Amino acid sequence: MVSIEHMFFGLSFGLSFSLLMEKVNVTKHQIIGTCLLGAIAPDIDWITIFFDKETYFGFKWYSHHSFSHSIIGCLFLGLAFFFLYMGLEKLNICKYINKKTISILIALFVFECLLHVFCDMVTIPGIWEGIPVFAPFSWKRYGGWSFMPWRSYLTIYLAVGSFMTFFFISFIETKMKISKYVLPSVALVLLTFGGYNVLNSKYISQEQWEMKERKLVGDNLYDFTRRLENLSYNYFKIDINYGH
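It should be emphasised that the depicted structure is a prediction, and the values quoted were computed from it without experimental measurement.

Cut-offs and rules
Residues numbered from 1 in each chain as written. Predicted model: local features only at pLDDT ≥ 70, side-chain atom pairs only at ≥ 80, totals over all residues. Heavy atoms only, no water. Phe/Tyr/Trp six-rings, centres within 6.5 Å; stacked < 30°, edge-to-face > 60°. Buried < 20%, exposed > 50% of the residue type's maximum accessible area, 1.4 Å probe, protein only. Salt bridge = Lys/Arg side-chain N within 4 Å of Asp/Glu carboxyl O. Helix = DSSP H or I, 4+ residues; strand = E, 2+ residues; numbered from the N terminus.

### Some details on the packing of aromatic side chains
Scanning all chains against the criterion turns up 15 aromatic pairs. Between Trp-61 and Phe-67, the ring centres sit 6.4 Å apart and the planes meet at 75 degrees, which makes this aromatic pair edge-to-face. Residue class for Trp-61 comes out exposed when judged on its relative accessible area of 55%. Taken together through their ring pairs, the aromatic side chains of Trp-61, Tyr-62, Phe-67 and Phe-76 make up a single cluster.

So, in structure tokens, the structure goes:
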């Protein structure tokens, strides 16, 4: 999955259970920030694409879909998140929070990282042949459970629409009295719909998946997005089928 898809699933999950976390003094802004960071953190290895495509698509520990996409890698990212927050706090960029709250935020961050790994395991294995979940103890790769492409136009536009919806509801909440359950409920519905489509991809072929996307997104929008994708491939000088 691409970053915006990961951000959609991560943020939708966080907002769905935001009321529970607010009961333990975790604010909505902290939830949103932590979920968005955690949802894309494992893709820090994406920077290897600026080295060369052999490194990016390779099997080195710092290649894409390698160590940072493992359970241990997610724990290391959680540790990095802790030190980052403490550093920003000392610079007075982030406000002080107690140990209980920071512990909850770290646990949420690590969970979001693991959710990222799971979502990548659902898509086609590609040239990486899956995800090394148990690295560095074992570099055996798992995943490729469906024919869903590593980027889904359907999920991308669902994510864009969801972010706009979340922002609109949050804006309305500040202007008028509406139930505090509206945002979590909408987030849960969108999360369920997105999750259903991802899991359902296991039972259809890649061609059927693309036909489904065309039907739901529309031919014009689908073709426009495909052209943008091709431009990005050309920019990074990557064969369009290289990572599939």
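### Topic: the pattern of salt bridges
Following the criterion strictly, the structure yields three salt bridges and no others. Its salt-bridge partner being Lys-28, residue Glu-173 comes within 3.0 Å of it at the nearest N-O pair. One end of the pair, Glu-173, is in helix H7 (residues 153-175); the other, Lys-28, is in helix H3 (residues 28-40), and 145 residues separate them in sequence. Here Glu-173 falls in the partly exposed class, since its relative accessible area comes to 23%. A residue is classified by how much of its surface remains accessible, and Lys-28, at 23% relative accessible area, is partly exposed. The salt bridge involving Asp-219 is made with Arg-214; its shortest N-O contact spans 3.4 Å. Under the relative-accessibility criterion, Asp-219 is labelled partly exposed at 44%.

Interpretation in functional terms is not warranted from these geometric data alone.
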